[in-house]
Amino acid sequence: MHVHVNAAESVDGKLSTREREQVAISGPEDFDRMDALRAEADGVVVGVGTELADDPSLTVTDAERREQREAEGRPPNPARVVADSRARTPTDAEILGDEAVTYVLVSERAVKGDIEALENAGATVIVAGEDRVDLPGAFEQLEAHGLDSLMVEGGGELVFSLFDAGLVDRLTVYVGSTVIGGREAPTLVDGEGFTDPDSFPELSLTGVERMDDGVVLSYDV
Ligand SMILES: NC(=O)C1=CN([C@@H]2O[C@H](COP(=O)(O)OP(=O)(O)OC[C@H]3O[C@@H](n4cnc5c(N)ncnc54)[C@H](O)[C@@H]3O)[C@@H](O)[C@H]2O)C=CC1
Ligand SMILES: Nc1nc(O)c(N)c(N[C@@H]2O[C@H](COP(=O)(O)O)[C@@H](O)[C@H]2O)n1
């Protein structure tokens, strides 16, 4: 599985405010770049924290990109994937709309009735892990469904787990020229954090590009 993490952060590394409300950190050029990344991917992934905070659609906005995917024999939109250990995704969430297939990754902690409600709302539920979603195991199951490349949009809890599991191949981050601040505000990589410098993921800077009123940094991992 090829995993590309892409997000937008303030200059102080925040993905959002301490109230965890969605904020537009980037501008139209960067949203178009994100749309192109979605159009390339087999699946677009978020954590349930992002799902609950933002209620994103995770679909491709540009009609030409959807047509291009169809011309290549692919569905017009990538699959939507949410890491949601306890099946907390609301059944009226945008990501359960019929524009694309949706996978909800849950753990064994999820209640059967909540799983059934998500399945009745059109989702395919994948069970992996006892407590939190076992991401390597869940991604293997996604591969069995034909998904070979994933674009992960956040948030910071999920992104830490992906780095911790050694699952990230590429990182692109838009750094906006704004300061959000707040010790409780989500950052690009939250979770437990790494403590041993030998365990810090090593990144290789592959690109620096001015965009909107900020900069896009690209890394191989
Ligand atoms: N500026 C940007 O580009 C983006 C900003 N955001 C912001 O990030 C915030 C949400 O981020 P977070 O609270 O960090 O939530 P998150 O989106 O990373 O979701 C974390 C949740 O996912 C579930 N999960 C299941 N298995 C997991 C695993 N193995 N590892 C980690 N989590 C797992 C858990 O319930 C966990 O609480 C929102 O404020 C949203 O607006 C989110 C995406 C992009
Ligand atoms: N790339 C980017 N730039 C920003 O400034 C952002 N606030 C975000 N946030 C994420 O974009 C997604 C919106 O999804 P839909 O357009 O509703 O499909 C969502 O995942 C946000 O967290 N991204």
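The structure displayed is predicted, hence computed values, not measured ones. Every chain begins its residue count from 1, and numbering advances along the sequence as written. Key to labels: chains lettered from A, ligands numbered from 1, both in the order written. In keeping with the model being predicted, local features are shown solely for residues with a pLDDT of at least 70 and side-chain atom pairs are shown and tallied solely at 80 or more, while totals for entire chains, interfaces and linings include all residues.

> Teacher, can you tell me more about the nonpolar core here?
Within soluble globular proteins, side chains that are nonpolar tend to cluster in buried spots. Think of a nonpolar core as buried Ala, Val, Leu, Ile, Met, Phe, Trp, Tyr and Cys residues, each tied to the set through C-beta atoms within 7 Å. Around each residue's C-beta, the other C-beta atoms within 10 Å are counted; 20 or more make the residue buried, 12 or fewer make it exposed, and counts in between make it partly exposed. All C-beta atoms are placed from the backbone. By size, the foremost hydrophobic cluster in this structure holds 47 residues, and its most contacted members are Val81, Leu105, Val152 and Leu162. Helix and strand assignments come from DSSP, with helices taken as H or I runs of at least 4 residues and strands as E runs of at least 2, each series counted from the N terminus. Elements with a contribution of two residues or more to this core: β1 (2–9), β2 (43–47), β3 (79–83), β4 (102–106), α5 (135–144), β6 (149–154), α6 (156–164) and β7 (170–176). Discounting residues that sit within four places of it in the chain, valine 152 has contacts with Val3, His4, Val5, Val45, Leu158, Val159 and Leu162. Here contacts are defined at the residue level, using C-beta atoms placed from the backbone and a cut-off of 7 Å between them.

> Help me understand the site of ligand 1, please; the structure alone is not making it clear to me.
In this analysis, residues qualify as near a molecule or strand once their C-beta atom, positioned from backbone atoms, comes within 6 Å of it. Near ligand 1 lie 28 residues; those nearest to it are Gly47, Gly49, Gly154, Gly155 and Ser161. Of all the elements in the fold, those that place two or more residues in the shell around ligand 1 are β1, β2, α2 (48–54), β6 and α6. Examining the composition of the shell around ligand 1, we find that five residues originate from one element, α2, more than from any other. Gly counts as polar in this scheme, as do all residues outside two lists: the nonpolar Ala, Val, Leu, Ile, Met, Phe, Trp, Tyr, Cys and Pro, and the charged Asp, Glu, Lys and Arg. Broken down by class, the residue content of the shell around ligand 1 amounts to 12 nonpolar, 10 polar and six charged.

> Would you explain the pairing of strand β5 (residues 124–127) in this entry?
Along any regular strand, the residues point their side chains to alternate faces of the sheet. As paired elements, β4 and β5 share four bridges and run parallel to each other. Of the residues in β5, the one forming a bridge with valine 106 is valine 127. In this view, the connection linking β4 to its parallel neighbour β5 by way of helix α4 (residues 112–120) has right-handed handedness. Any two strands between which DSSP finds at least two bridges are classified as paired. Looking down the strands as they point away from the viewer, one classifies a crossover as right-handed if the path from the first strand across the helix to the second runs clockwise.

> Teacher, can you tell me more about the UniProt feature "domain: Bacterial bifunctional deaminase-reductase C-terminal" (unreviewed entry) in the protein chain here?
In the numbering used here, UniProt assigns the feature "domain: Bacterial bifunctional deaminase-reductase C-terminal" (unreviewed entry) to residues 2–217. Measuring from the first to the last C-alpha atom of residues 2–217 gives 19 Å, for a span that is 26% helix and 24% strand. UniProt positions are given in the numbering used here, feature names are shortened, and annotations may be inferred rather than shown by experiment.

> Where do I start with the sheet that holds β1 in this structure?
In sheet architecture, strand pairing relies on hydrogen bonds along the backbone and comes in two forms, parallel and antiparallel. Taken in spatial order, the nine strands line up as β5-β4-β3-β2-β6-β1-β7-β9-β8 in an open sheet, and their pairing is mixed. Among the strands making up the open sheet, the edge pair consists of β5 and β8 (204–211). Neighbouring strand axes in the sheet, compared pairwise and without regard to direction, differ in orientation by 20 degrees on average. Pairing of β2 with β6 involves four bridges; the strand directions are parallel. Bridge pairing in β6 links glycine 43 to leucine 150. Sheet strands touched by helix α1 (residues 28–40): β1, β2, β6, β7 and β8. Its angle to β1, the strand with the most contacts, is close to 165 degrees. Each axis is a line fitted through C-alpha atoms, taken for helices only over the stretch in contact, and angles between the N-to-C directions span 0 to 180 degrees. With respect to the sheet, α6 is in contact with β1, β2, β3 and β6, its orientation differing from that of β6 by roughly 135 degrees.

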